[in-house]
Amino acid sequence: MQITIGKKLIFGYLIVVLLMTVLALYAVRVSQRSLEESVGKNSVFLAGEMLKRIDRDLRAIFEDIKIYTLGFLVNNTISRSNQAFENMEDVQEYIKQKDAEWVAAPKEEITPFMQQLINNELSHQLRQEFIQFWERQRGRTHFTEVFVTNKYGANAAQTGKTSDYYQADEEWWQISRREGFYMGHVEYDERARAFAIPFTVRLDDEQGNFIGTIKAVVSIMSIIREAEIATRMYETTDIKLICQQHKKLIYATGAFKLLEDVSGKEFFKKITEEEGFFIAEEGKKKKLFSYAQLKGFGRLEGLEWILVVGHDVQEILKPAFVLRNSLMAASLVLIALGIIVAFFMSRSITKPIAELAKGVEIIGKGDLEHRFEIKTRDEIGGLANTFNKMMADLKNVTASRDELNKEIGERKQAEEALRERTYNLGERVKELNCLYGVSKLVVESDRPLDEVFQGAVNLIPPSWQYPVITCGRIVFEGQEFRTDNFIETEWKQSADILISGEKAGAVEMYYLEEKPEADEGPFLKEERDVIDTLGRQLGAIAQRKQAEEELKKHRANLEETVRERTTELQKMVNLMAGREVRMAELKETIKKLRAQVESAGMTPMADDPLKEIDKK
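Since we're looking at a predicted model, the values are computed, not measured.

**Re the overall build of the chain**
A tally of helices and strands in the chain yields 14 helices and 15 strands. Here the chain holds 616 residues, and the buried ones make up 38% of them. Considering only contacts within the chain whose residues lie at least 6 apart along the sequence, 59% involve residues at least 24 apart. For the chain, the accessible surface area stands at approximately 38,100 Å², while carbon and sulfur atoms represent 55% of it.

**Here's the deal with the side chain of Gln 493**
Structurally, Gln 493 is set in strand S14 (residues 492–499). Residue classification places Gln 493 among the buried residues on the basis of a relative accessible area of 1%. Looking at Gln 493, its side chain comes within polar contact range of the side chain of Trp 464, at 3.4 Å. Excluding its chain neighbours within four sequence positions, the residues that come into contact with Gln 493 are Trp 464, Val 507, Glu 508, Met 509, Glu 520, Phe 523, Leu 524, Glu 527, Arg 528 and Ile 531.

**Notes on the sheet that holds strand S13 (residues 479–482)**
Sheet architecture is open: four strands sit in the order S13-S12-S15-S14, paired in antiparallel fashion. Two strands in the sheet have a free side with no partner beyond their single neighbour: S13 and S14. Each strand axis lies, on average, 20 degrees off the axis of its neighbour in the sheet, ignoring direction. As judged from the seven bridges shared by strand S12 (residues 470–476) and strand S15 (residues 502–511), these two strands associate in the antiparallel manner. From the neighbouring strand, Cys 471 faces S15, where its bridge partner is Tyr 510.

**A closer look at helix H6 (residues 171–179)**
Every buried residue of H6 is accounted for by Trp 172, Trp 173, Ile 175 and Ser 176. The positive-phi residue at the C-terminal boundary of H6 is Gly 180, with phi of around 100 degrees.

**Description of the environment of Arg 528**
Tracing the chain through its elements places Arg 528 in helix H13 (residues 525–599). Taking the C-alpha atoms as reference points, Arg 528 and Gln 493, separated by 35 residues in sequence, lie 7.6 Å from one another. Ignoring any residue separated from it by four or fewer positions in sequence, one finds Arg 528 in contact with Gln 493, Ser 494, Ala 495 and Glu 520.

**Examining the side chain of Gln 167**
Within the secondary structure, Gln 167 sits in the loop between strand S2 (155–158) and H6. Looking at Gln 167, the relative accessible area reads 3%, which means it is buried. Ignoring anything within four residues of it in the chain, the contact list for Gln 167 reads Phe 147, Thr 149, Gly 153, Asn 155, Thr 162, Trp 172 and Trp 173.

**Some thoughts on the sheet that holds strand S10 (residues 285–294)**
Pairing in this open sheet of five strands is antiparallel, and the strands run S8-S7-S11-S10-S9 from one edge to the other. Because the sheet does not close on itself, it has two edges, and the strands there are strand S8 (248–252) and strand S9 (275–282). In this sheet, adjacent strand axes meet at a mean angle of 30 degrees when their direction is disregarded. As paired strands, S9 and S10 are joined by eight bridges and run antiparallel to one another. Its bridge partner being in S10, Gly 276 is matched across the sheet by Tyr 291.

**Re the pattern of salt bridges**
Enumeration over the complete set of coordinates arrives at 15 salt bridges. Arg 473 is the salt-bridge partner of Glu 508, the closest N and O atoms lying 2.5 Å from each other. Remark: Arg 473 occurs in strand S12 and Glu 508 occurs in strand S15; sequence separation between them is 35 residues. The pair Glu 508 / Arg 473 is uniform in exposure class, with both members buried. Note that Asp 532 is salt-bridged to Arg 528, the shortest N-O span being 2.9 Å. Of this pair, Asp 532 and Arg 528 both sit in helix H13, separated by four residues, roughly a single helical turn. The exposure class assigned to Asp 532 is partly exposed, which follows from its relative accessible area of 26%. What you see here is one network of salt bridges that share partners, running through Arg 473, Glu 480, Arg 482, Glu 488, Lys 492 and Glu 508.

**With respect to the pairing of S13**
With four bridges connecting them, S12 and S13 associate as antiparallel partners. Note that in S13 the partner of Phe 476 across the bridge is Gln 479. Once S12 ends, the chain turns through two residues before running back antiparallel as S13, passing Glu 477 with a positive phi of about 50 degrees.

**With respect to the nonpolar core**
Ile 65, Leu 122, Leu 126, Phe 143, Phe 199, Ile 214 and Trp 305 are the most contacted members of the largest nonpolar core, which totals 45 residues. The element best represented in this core is helix H1 (residues 5–68), accounting for 10 residues. The next biggest cluster of nonpolar side chains, apart from the first, holds 26 residues, and it includes Ala 456, Ile 469, Met 509 and Ile 541.

**Concerning a nonpolar patch on the surface**
A surface patch of nonpolar side chains, about 230 Å² in accessible area, is lined by Ile 15, Leu 19 and Leu 337. Within the fold, Ile 15 resides in helix H1. Given the relative accessible area of 40%, Ile 15 is considered partly exposed.

**Here we look at the packing of aromatic side chains**
Geometrically, a pair of aromatic rings is defined through the distance of the ring centres and the angle of the planes. Counted according to the given criterion, the structure contains 19 aromatic pairs. Aromatic side chains Phe 147 and Trp 172 sit 5.8 Å apart centroid to centroid with 80 degrees between the ring planes, which places their arrangement in the edge-to-face category. Taken as a pair, Phe 147 in strand S1 (residues 143–150) and Trp 172 in helix H6 lie far apart in primary sequence, 25 residues in all. When its relative accessible area of 3% is taken as the criterion, Phe 147 is described as buried. The class for Trp 172 is buried, based on a relative accessible area of 8%. Taken together through their ring pairs, the aromatic side chains of Phe 267, Phe 278, Phe 289 and Tyr 291 make up a single cluster. The residue whose ring lies beneath Lys 98 is Phe 113, and the NZ or CZ to ring-centre distance is 4.5 Å.

**Details of the confidence of the model for the chain**
As a note on interpretation, predicted positions should not be read in detail where pLDDT is low. Mean pLDDT over the chain: 77, with 69% of residues reaching 70 or higher. Within the chain, the lowest mean pLDDT, 56, falls on helix H14 (residues 610–615), and the highest, 93, falls on helix H3 (residues 91–104).

**A few points about unusual backbone geometry**
A positive phi angle, close to 50 degrees, is found at Glu 477, a residue other than glycine. Position of Glu 477 relative to the elements: it lies in the loop between S12 and S13. For Glu 477, a relative accessible area of 52% corresponds to the exposed category. The phi torsion at Ser 500 lies on the positive side, around 55 degrees, for a residue other than glycine. Structurally, the position occupied by Ser 500 is in the loop between S14 and S15.

Criteria and cut-off values
Once a new chain begins, its residue numbering starts again from 1 and follows that chain's sequence as written. Where local features are concerned, this predicted model is filtered to residues with pLDDT of at least 70; where side-chain atom pairs are given and counted, the filter is 80 or more; whole-chain, interface and lining totals use all residues. Side-chain calculation: all heavy atoms of the structure are included, whereas hydrogens and water are not. By the criteria applied, helices consist of DSSP H or I runs no shorter than four residues and strands consist of E runs no shorter than two, each listed in order from the N terminus. Only protein chains enter the area calculation, which uses a 1.4 Å probe; residues under 20% of their type maximum are buried, those over 50% are exposed, and those in between are partly exposed. When checking whether two residues touch, look at their non-hydrogen atoms; a contact exists if any pair is within 4.5 Å. Computed with a 1.4 Å probe, the accessible areas rest on the Shrake-Rupley method; for each residue, only the protein chains presented here act as cover. Polar contact is the term for a pair of N or O atoms within 3.5 Å; when the atoms are in protein, one must be able to donate a hydrogen and the other to accept it, and sequence-neighboring residues count only if both atoms are side-chain atoms. A pair of strands is treated as paired once DSSP finds two or more bridges between them. The axes used here are C-alpha line fits, helices contributing only the stretch in contact, and every angle between their N-to-C directions lies in the interval 0 to 180 degrees. We count a salt bridge whenever a side-chain nitrogen from Lys or Arg sits within 4 Å of a carboxyl oxygen from Asp or Glu. Think of a nonpolar core as a cluster: buried Ala, Val, Leu, Ile, Met, Phe, Trp, Tyr and Cys residues, connected wherever their side-chain atoms sit within 4.5 Å. Residues enter patches when they are more than 30% accessible in relative terms and free of salt bridges; like-charged ones are connected within 9 Å and nonpolar ones (Val, Leu, Ile, Met, Phe, Trp, Tyr) within 5 Å. The pairing test for Phe, Tyr and Trp rings, Trp by its six-membered ring, is centres within 6.5 Å, and the orientation test on the planes gives stacked under 30 degrees, edge-to-face over 60, and tilted for anything in between. Definition used: whenever NZ (Lys) or CZ (Arg) falls within 6 Å of the ring centre and also within 35 degrees of the ring normal, the charge is taken to sit over that ring. What pLDDT reports is the predictor's confidence in each residue, on a scale of 0 through 100.

Laid out in structure tokens, this is it:
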């Protein structure tokens with residue numbers, strides 16, 4: 001009959017588990033009562049410590065507010081506000097009008113009048129002293145809102161937008177004026193999106209006359225959360241803060257409904273003294289509850305909060321010192337028994353496993369001819385036979401594997417070379433596109449030289465290795481043509497623009513960020529070739545453009561000279577034509593006169609003077 005390794009292990013460790021189970025049941029039964037009492041007392045102490053911390057924080061808040069009211073800026077600001085209101089003809093009408101405008105404004109809108117109050121000197125100080133200081137100290141919001149009113153109940157300074165402008169009709173304002181200070185119940189602050197407690201203090205001048213109030217809204221989460229973290233004991237520890245007078249829930253660690261009535265809850269019914277602990281069921285789980293009460297401080301005796309701390313019974317009853325000590329003696333016995341049992345079991349298992357491990361090591365060194373000689377009739381023997389068969393098969397496929405690996409390596413090298421070649425070709429295409437674009441800019445357009453240079457400098461950055469961080473400019477005869485993102489940096493590459501062998505300008509390219517070293521700083525040698533070619537090309541373009549301009553000037557001068565000569569010639573032709581006409585008329589007149597003289601029997605005394613002219 002074959003006895004498998006699984007059967008051997010199950011049989012051996014079953015004995016150990018049974019012994020451990022018996023001992024654990026005994027230990028848990030003995031220690032449960034002591035654990036409950038120990039944790040319960042510690043939790044009562046925990047609740048008391050939390051209440052003490054809350055009490056100290058509340059006292060500190062009142063003291064901070066009272067000390068702050070003694071400051072010069074507070075009294076000076078409120079006194080000036082009161083004086084301004086006293087000089088008004090109708091104070092109540094003014095307050096009514098401003099309060100109506102304040103309430104009518106949209107929730108998120110801050111009007112210029114509100115902005116004036118929020119940004120005055122006292123408001124800035126309130127934000128620094130109460131909001132920003134505590135955020136820096138505790139890393140979260142402590143005071144959600146602080147504002148000051150004058151004696152008429154109108155806001156004089158504030159850390160943010162309040163719900164209304166006029167406060168004298170509010171209960172807290174009237175109580176603080178009458179009694180000197182006021183602390184309200186926990187309420188939800190919509191603006192801060194947090195549960196908070198309002199604190200107010202009456203402000204008096206040096207003569208003890210009432211001049212206004214200061215109100216600070218404090219996040220209850222900030223007070224309780226700090227005390228909770230400082231005194232937390234277990235992962236399942238949860239906190240509940242209850243108003244004893246109204247039996248309402250003020251705060252809870254998890255999700256909760258503010259001011260929920262807890263009078264019907266099982267744990268609340270068992271709260272009968274000032275402090276104590278008990279086990280009750282909540283949410284289908286048994287919990288150990290501890291509680292303590294806060295009776296208020298100073299003249300705020302009506303506070304009366306109950307702090308309830310709950311722990312999951314399953315967590316607090318884990319093995320602790322009592323259980324560990326009880327198990328110590330029994331564990332020694334179990335260890336001895338385990339050693340004896342494990343010794344005999346391991347003898348039947350470890351020897352073939354050691355032979356198997358040694359054989360695997362030999363195979364791992366490359367000896368594929370090794371075979372296992374294990375003859376046991378359990379899983380290890382079957383595994384040895386499987387290894388022997390596997391080695392025979394492995395030897396046949398090793399040759400094919402080596403050839404395949406070689407082919408894979410060659411293909412990877414080819415793919416890597418192809419990727420590199422493709423990348424280089426892409427870079428060259430960008431450079432050719434740049435040179436082609438510049439050439440096309442000149443050939444296909446009749447633009448002025450400055451437009452050609454501006455178009456050229458915009459074409460260059462996309463052709464560089466890092467186009468996003470590339471900028472450039474062209475400097476030519478005192479003019480600069482830049483890209484929109486141009487900034488002169490230390491990573492520069494430039495080429496001269498030459499005309500007739502003389503430097504007339506330069507092409508300059510810059511990287512806006514540091515990049516790895518390449519052929520020329522962070523620039524490639526191909527980029528050097530491109531920028532040199534651009535320098536020569538732009539020099540030739542500029543020289544040709546200048547020659548074309550000179551040719552246009554000479555052509556214009558020649559055309560003007562031809563027009564002037566043509567005009568003069570026409571004038572001469574017109575003059576000569578008029579002379580011929582007059583000579584013909586004169587000849588005809590002379591003929592007529594000679595005929596008249598001869599017909600009168602007279603002989604002309606002179607020859608015709610026009611004959612000599614005609615001969616000529």
